Amino acid sequence: MKYIKYAFILSLFLYSCSKDEIDDITIDPPDPPVIVDCELDYTTLQSSYNKISSHYQPMNIPFVDYAALLNTTLSPVGLFGIYAASGNFDGNSDPDVVMVTNNGDNPSENEVVIALDGIVRIAFKSPQVGTRKISVKDLNQDSIDDIILFGHGPDVANSSGDYTTIIYMYGNGSYKVAEIGSVSGYHHTGAVGPLGINGGLPDVLEINSQAFTNDPDGFVNLYWNNGLSELWIQDETNIPNHWVARIYHSELFDFNNDGIMDLILGGHEWEESWMATASGTVQWRTHILKGLGNGQFDIENPVILPSIVNWGVITDFDMYDLDKDGQTEIIITRTTGKDNTPGIPWEGQIYDGHIIQILKGSNFSWYEWKRIEQPSEIFSNPTIHIEWPYATKVYDVNKDCLLDIVPESDKLNSSTYASYNTIRGLYYEQQENGNFLIKYKR
């Protein structure tokens, strides 16, 4: 009753006022809503089966100065670089970092260095001549991430290769190094995931892009994980060695949500003259192979993904629902590269910049949705060669609950690398309308 009484008194007051008096009455607008910084839980960005895919690494953090952690300076001259990945190596909730130095001028100096909670705790001589990719996965199911190193050996044609190496982490600063498989060539990439078998224990798929030279009738290697015994059983997939002759990046991901891992593959995306007379099919286009389970894939029906002319070197794949529409997008990191046979394309235009390509679709039908181009400073930088981003992180940099895209490499992160003073901290900030703006984190 009291609300009716107050409303009646207000109506009498307004009625007793003249029109001019009423016009003088103003009501303040409501205060704008308070925007609270968003803290995304990165463990929720994938669901069910894809949480044990090779792509899923929720401990990733961007803008880490790996060179500073190693107390070293990166130079634009020479072949020294750092590969890195984040994970939970000590059992707590703070992200840790593993770094592997890759010194092409003096491989005997390569080291594996692990920083726990931001402090370097472990360092030892690298068992690999040339590490090319690091994956992180809890292989022995002890709730602590282990480390998988894919190495290509000397970075030359007909490389002798490296063993694929596993570093088991036990949470108290102790570790064990194990080599699996056999040295058989240029292991530029690989992927870790369950492949839809054996109760979901992570297994290792090893992509050897030069295997066809020694074994033209062979197939891509697969290593079954024997679980707590930390033993591995070597097997083969049905993917022919020729098929991956130009594949340098791969991830396992369940694109059609059938509980079986599919395989996305990319590398040098141009056709070379020798492929026409090769004894087996070389699939140089970026593509997806549908997983059939038990290490088998649908080779007969590859899902060819959209290309970008002259941007044909693939360095990373990420799969996230960027725009929160309930569908996963494919984020492809590309650098410059095109056909200039014979040999590697070389006209001062390879590995000298990047484009982020975002595909939309579902299951096995995909189209280009966004193409995010780099800042103009990268094109005008004469020392940009080999400083391409080898990894791209999807991360909410400005804490607005919208996922941003961070292209990264060792030199892009390094405060000592003078060539990048103008573009350090580069990221692409997602807007409410789905577009991405060039931004810098300072």
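Since the structure is predicted, the reported quantities are computational estimates derived from the model, not experimental observations.

### What to know about the side chain of Arg246
Okay, step 1: Following the sequence through the fold, Arg246 ends up in the loop between β12 (232-240) and β13 (247-253).
Okay, step 2: Sequence-distant contacts of Arg246, defined by excluding residues within four places in its chain, comprise Gly266, Gly267, His268, Glu272, Trp274 and Met275.

### Digging into the sheet that holds strand β5 (residues 131-137)
Okay, step 1: One open sheet holds the four strands; their spatial order is β5-β6-β7-β8, and the pairing between them is antiparallel. Where the open sheet ends on each side, the last strands, each with one partner, are β5 and β8 (175-180). For this sheet the average axis-to-axis angle between neighbouring strands, irrespective of direction, equals 20°.
Okay, step 2: The pairing of strand β6 (residues 146-151) with strand β7 (residues 164-169) spans three bridges and is antiparallel. When the bridges of β7 are listed, Leu149 appears paired with Thr165.

### Quick notes on the pattern of salt bridges
Okay, step 1: For the coordinates displayed, the defined rule picks out 12 salt bridges.
Okay, step 2: Salt-bridge contacts for Glu329 lead to Lys360; the nearest nitrogen and oxygen are separated by 2.9 Å. Placement of the pair is Glu329 in strand β20 (residues 329-335) and Lys360 in strand β21 (residues 354-362), with a sequence separation of 31 residues.
Okay, step 3: According to the relative accessible area criterion, Lys360 is buried, its value standing at 9%.
Okay, step 4: Linking Lys439 and Glu429 is a salt bridge whose minimum nitrogen-to-oxygen distance equals 2.8 Å. You can see Lys439 sitting in strand β26 (residues 436-440) and its partner Glu429 sitting in strand β25 (residues 426-430), a full 10 residues away along the chain.
Okay, step 5: Each of the salt bridges in this network shares a partner with another, and the network as a whole consists of Asp323, Asp325, Glu329 and Lys360.

Rules behind the numbers
Residues numbered from 1 in each chain as written. Predicted model: local features only at pLDDT ≥ 70, side-chain atom pairs only at ≥ 80, totals over all residues. Heavy atoms only, no water. Helix = DSSP H or I, 4+ residues; strand = E, 2+ residues; numbered from the N terminus. Contact = heavy atoms within 4.5 Å. Pairing = 2+ DSSP bridges. Axes fitted to C-alpha atoms, helices over the stretch in contact; angles between N-to-C directions. Salt bridge = Lys/Arg side-chain N within 4 Å of Asp/Glu carboxyl O. Buried < 20%, exposed > 50% of the residue type's maximum accessible area, 1.4 Å probe, protein only.

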